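So the chains spell out like this:
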Amino acid sequence: MEREEGGTHIVLAHEVDFATWRQAVRYHVARGTKPEELSWSVLKSADVFGQNVSQPVWTIPEAGGALTLPRSLVERLVLAIQVNDPDRFSRLYRLVYRVVHGGLDLQQSNGDPDRLQVDQWVARVKQETAAFRQAFAAYYRNGGRGAWYCETHNYILEANAAFCRARVAETWMVHTPYRSMKWDGHALLFGEGGQTPSVWQPDATWPWDGYPNTVLIPTEVERQQAKTLDQLGAEAMDCRSCALWKPAQRTVFGEGPVTAQIMLVGEQPGDQEDKAGHPFVGPAGQVLDSALKDAGLIRSDVYVTNAVKHFRFTWRGSHRLHQKPEQDNITACRAWLDAERRLVKPALIVMMGVTAAQSLLGRPVTISRERSRTFDLAPNVQGLVTVHPSYLLRLPNPSDKQREYARFVEDLKLAQQCMTVKL
Ligand code: URA
């Protein structure tokens, strides 16, 4: 922060240096600094990557006390700071200043020019973020190897780091005109912009901190209007419908072709699924893969998902022990399952275990009484109840295991017989 004649100039470390901007706002709003007394600029990326900066020029004294603002305003600020408009830092400061000192009521100020401008920026960033998220999911689904160049016009990359890491646990690399971002499996690295950047900087190193994190909590309308599985899966990453999102690492969404005739529904992701971001990739997934093969089915032909999309667990020392989801979790997540059904339109849904069966049938279920027969689940959709593959893993006796595995395969064969083929 430098005092200049007639005002104070604040230098931000990068285009989305929300942390410094917020620190400056707290300090200056508390002191009553008028918007016209502040000017803002951003350090050039050549200076940052070339380490031409000898000291953090953006250090600002503590304001001494937090600034309390309506949550909806803070959410708008986080989005609006990502817009590609050099005027945003001062315009956003002015909005906050007017809310605190000028009595501006955001509920009653639809025509206010500052508010209108910020709302436009928010809409622009939201739209581009949604497009970025869908395209990122498609990039990964289509192979995900190498780098993806995304022609984004706003500064949205850093604020989507958490989203990208949640959506794809494997390594990935995204380049944009102004910045590149890479997850190497251990650390998040940022580099120069352009199609083939050469300089990478570890996230943990000064000054790469203070990124805003865009959280777009999906609304029911957005869920119902999602047109592709990529879009739906992207919406689900920021789901807050129940409390499970917080301890879990990520939403584990369903996977498989949108044309699948069979949908397999399990309970919830386990420890390995939560880490990998894919359903049924741990021990239960191996049993499932083997049984599908023995039943004459190919995993990549079926759609595999869970009744609950987050891992529910309790800590036992350094281990995360599986806990059954509660009814509230199942109910909250049912809308995602319905949305998957709407897009995939399976001819048959296989409910593996009690949680899946209770979620889809909406009543208590005893597996032994209802398994191994197909029935009408909904118009043009058959249902089939069977055991969960982890039940087989828990059986202590090898001969019981063998017998129950064979029954599970028989159930999947029933499913296989429901598949139609074109002559
Ligand atoms: N168990 C489940 O029900 N689902 C998974 O994805 C993994 C284990």
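Source: prediction; values computed, not measured.

1. So, the side chain of Arg312
- Tracing the backbone shows Arg312 in the loop between strand 10 (303-306) and strand 11 (313-316).
- By relative accessible area, Arg312 is classed as buried at 16%.
- Here Glu326 takes part through its side chain, which lies 3.5 Å from a polar atom of the side chain of Arg312.
- Leaving out residues up to four positions away in the same chain, Arg312 has contacts with Leu244, Gln268, Leu321, His322, Gln323, Lys324, Pro325, Glu326 and Asn329.

2. Quick look at the side chain of Thr251
- Looking at the element boundaries, Thr251 is found in the loop between helix 8 (229-236) and strand 9 (262-266).
- A distance of 3.0 Å separates a polar atom in the side chain of Thr251 from the backbone oxygen of Ala236.
- Separated by 3.0 Å, the side chains of Thr251 and His310 make a polar contact.
- Not counting chain neighbours up to four residues away, the residues in contact with Thr251 comprise Ala236, Met237, Lys309 and His310.

3. Quick word on the pattern of salt bridges
- A full pass over the atoms with the stated rule returns 27 salt bridges.
- Its salt-bridge partner being Arg76, residue Asp119 comes within 3.5 Å of it at the nearest N-O pair. Note that Asp119 is positioned in helix 5 (residues 113-141) and Arg76 in helix 3 (residues 71-80), a separation of 43 residues in sequence.
- Its relative accessible area of 25% is what places Asp119 among the partly exposed residues.
- Looking at Arg76, the relative accessible area reads 18%, which means it is buried.
- Salt-bridge contacts for Asp114 lead to Arg91; the nearest nitrogen and oxygen are separated by 2.8 Å. Taken together, the residues span a long stretch of sequence, with Asp114 in helix 5 and Arg91 in helix 4 (residues 88-101) at a distance of 23 residues.
- Residue classification places Asp114 among the buried positions, given a relative accessible area of 4%.
- Several salt bridges share partner residues, and in doing so they unite Asp87, Arg91, Arg94, Arg98, Asp112 and Asp114 into one network.

4. Quick look at the domain arrangement of the protein
- On domain assignment, one finds that the protein holds domain 1 (2-124) and domain 2 (252-422).
- With centres defined by C-alpha atoms, the gap from domain 1 to domain 2 works out at 49 Å.

5. So, the pairing of strand 9
- Within strand 9, five of the five residues are buried, which leaves the element mostly enclosed by the surrounding structure.
- Residues of strand 9 alternate between two faces, with Ile262, Leu264 and Gly266 on one and Met263 and Val265 on the opposite face, all of them buried.

Parameters and conventions
- Residues numbered from 1 in each chain as written.
- Predicted model: local features only at pLDDT ≥ 70, side-chain atom pairs only at ≥ 80, totals over all residues.
- Heavy atoms only, no water.
- Helix = DSSP H or I, 4+ residues; strand = E, 2+ residues; numbered from the N terminus.
- Buried < 20%, exposed > 50% of the residue type's maximum accessible area, 1.4 Å probe, protein only.
- Polar contact = N/O pair within 3.5 Å; in protein donor to acceptor, adjacent residues only side chain to side chain.
- Contact = heavy atoms within 4.5 Å.
- Salt bridge = Lys/Arg side-chain N within 4 Å of Asp/Glu carboxyl O.
- Domains from an automatic or database assignment.

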